[in-house]
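These are the residues of each chain, in order.
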Amino acid sequence: MSQTHLETPEDLLRFQLRTAMTMEEDSLAALGELAEAAKSADIKKLFTHHAEETREQIANLQQVFKLLEVPESTAASPSTKGIGKQAEALIARTAPELRDQVTLSAALGNEHYEMAAYEALILPVQVLGATDALALLKANAEQEIHTSQELSNRLKQLLGA
Ligand SMILES: [Fe+2]
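Note that the structure is predicted; figures quoted are calculated from it, not measured.

Conventions used here
Residues numbered from 1 in each chain as written. Predicted model: local features only at pLDDT ≥ 70, side-chain atom pairs only at ≥ 80, totals over all residues. Heavy atoms only, no water. Helix = DSSP H or I, 4+ residues; strand = E, 2+ residues; numbered from the N terminus. Rg over C-alpha atoms; globule rule 2.2 N^0.38 Å. Buried < 20%, exposed > 50% of the residue type's maximum accessible area, 1.4 Å probe, protein only. Contact = heavy atoms within 4.5 Å. Areas by Shrake-Rupley, 256 points an atom, 1.4 Å probe, with all protein chains shown as cover. Donors = N, O, S within 2.8 Å, 3.2 Å for Na, K, Ca; no water. Axes fitted to C-alpha atoms, helices over the stretch in contact; angles between N-to-C directions. Parallel < 35°, antiparallel > 145°, perpendicular 65-115°, else oblique. Left-handed = near helix turned anticlockwise from the far one by under 90°. Nonpolar A, V, L, I, M, F, W, Y, C, P; charged D, E, K, R; others polar. Salt bridge = Lys/Arg side-chain N within 4 Å of Asp/Glu carboxyl O.

Caption draft 1: View of the overall build of the protein. From N to C terminus, the protein includes 5 helices and 0 strands. Secondary structure elements in the protein, listed N-terminal to C-terminal, are α-α-α-α-α. Against the globule reference of 15 Å for 161 residues, the protein gives a C-alpha radius of gyration of 17 Å, in line with a compact fold. Expressed as a percentage of the 161 residues in the protein, the buried residues total 40%. Taking the contacts inside the protein whose residues are at least 6 apart along the sequence as the reference set, 78% of them involve residues at least 24 apart. Carbon and sulfur atoms form 55% of the exposed surface of the protein, whose accessible area is close to 9,000 Å².

Here's what the structure looks like:
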């Protein structure tokens, strides 16, 4: 595996942006699997709706690359690959009656990771004063926050909590 040396804050920001792109691609794949694995129609819909948003988020990231004059590319995102693998393994060993709970829980993990990733991207872009790129990253982050709230509410409802 080739190692990228990141010497400056700009190098780091570019790398974070590249990993964010992989994160969203992984998220899109995971949401498709979760929609398939969930039992309830409304939960499936929650996942497919956020998959549509995730396509917009990828387009927003492509725009951020342009605005920051960074050549568009991806970098490895082992965290999101891991979250996806864990969900897949859990779904495979779970009784159908528990599928809604398992898929909501797995999706929550993904959304919270994404929220953290955007927070870490937003702050340096804010410091740069790149307002257009900042608005796009904030829009993505807002969708992750909103989705995580929806997942959490549905999980509470499911469990009667
Ligand atoms: Fe996302």
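Caption draft 2: Up close: the coordination of the iron ion. Looking at the metal site, the iron ion is ligated by Glu24 (OE), Glu24 (OE), Gln57 (OE1), Glu114 (OE) and Glu144 (OE), spaced 2.1 to 2.7 Å from it. Look at where the donors of the iron ion fall in the sequence and you get E-x32-Q-x56-E-x29-E. Of this pair, Glu24 sits in helix α1 (residues 9-37) while Glu144 sits in helix α5 (residues 131-159), placing them 120 residues apart in sequence. For the pair shown, Glu24 and Glu144 are each scored as buried.

Caption draft 3: Quick peek at the side chain of Thr147. Position of Thr147 among the secondary structure elements: in helix α5. The class of Thr147 is buried, set by a relative accessible area of 4%. Residues contacting Thr147, with those up to four places away along its chain left out, are His50, Glu53 and Glu111.

Caption draft 4: Fine view of the packing of α1 against helix α4 (residues 99-128). Where α1 meets α4, the closest approach of the two axes is 10 Å, and the angle between their N-to-C directions is 160°. Our classification of the angle between α1 and α4 gives roughly antiparallel. The hand of the α1/α4 crossing is left-handed. Per-class residue counts for the contact of α1 with α4 are 16 nonpolar, 4 polar and 3 charged.

Caption draft 5: Summary view of the pattern of salt bridges. A full pass over the atoms with the stated rule returns 3 salt bridges. In this structure, Asp11 and Arg14 form a salt bridge, with 3.0 Å as the shortest nitrogen-oxygen distance. With Asp11 and Arg14 both in helix α1 and 3 residues apart, the pair spans about one turn of that helix. By relative accessible area, which is 18% here, Asp11 ends up buried. Owing to a relative accessible area of 34%, Arg14 belongs among the partly exposed residues under this scheme. Close ionic contact of Arg154 with Asp42 constitutes a salt bridge, the shortest N to O distance being 2.5 Å. Of this pair, Arg154 sits in helix α5 while Asp42 sits in helix α2 (residues 41-67), placing them 112 residues apart in sequence. For Asp42, a relative accessible area of 39% translates into the label partly exposed.

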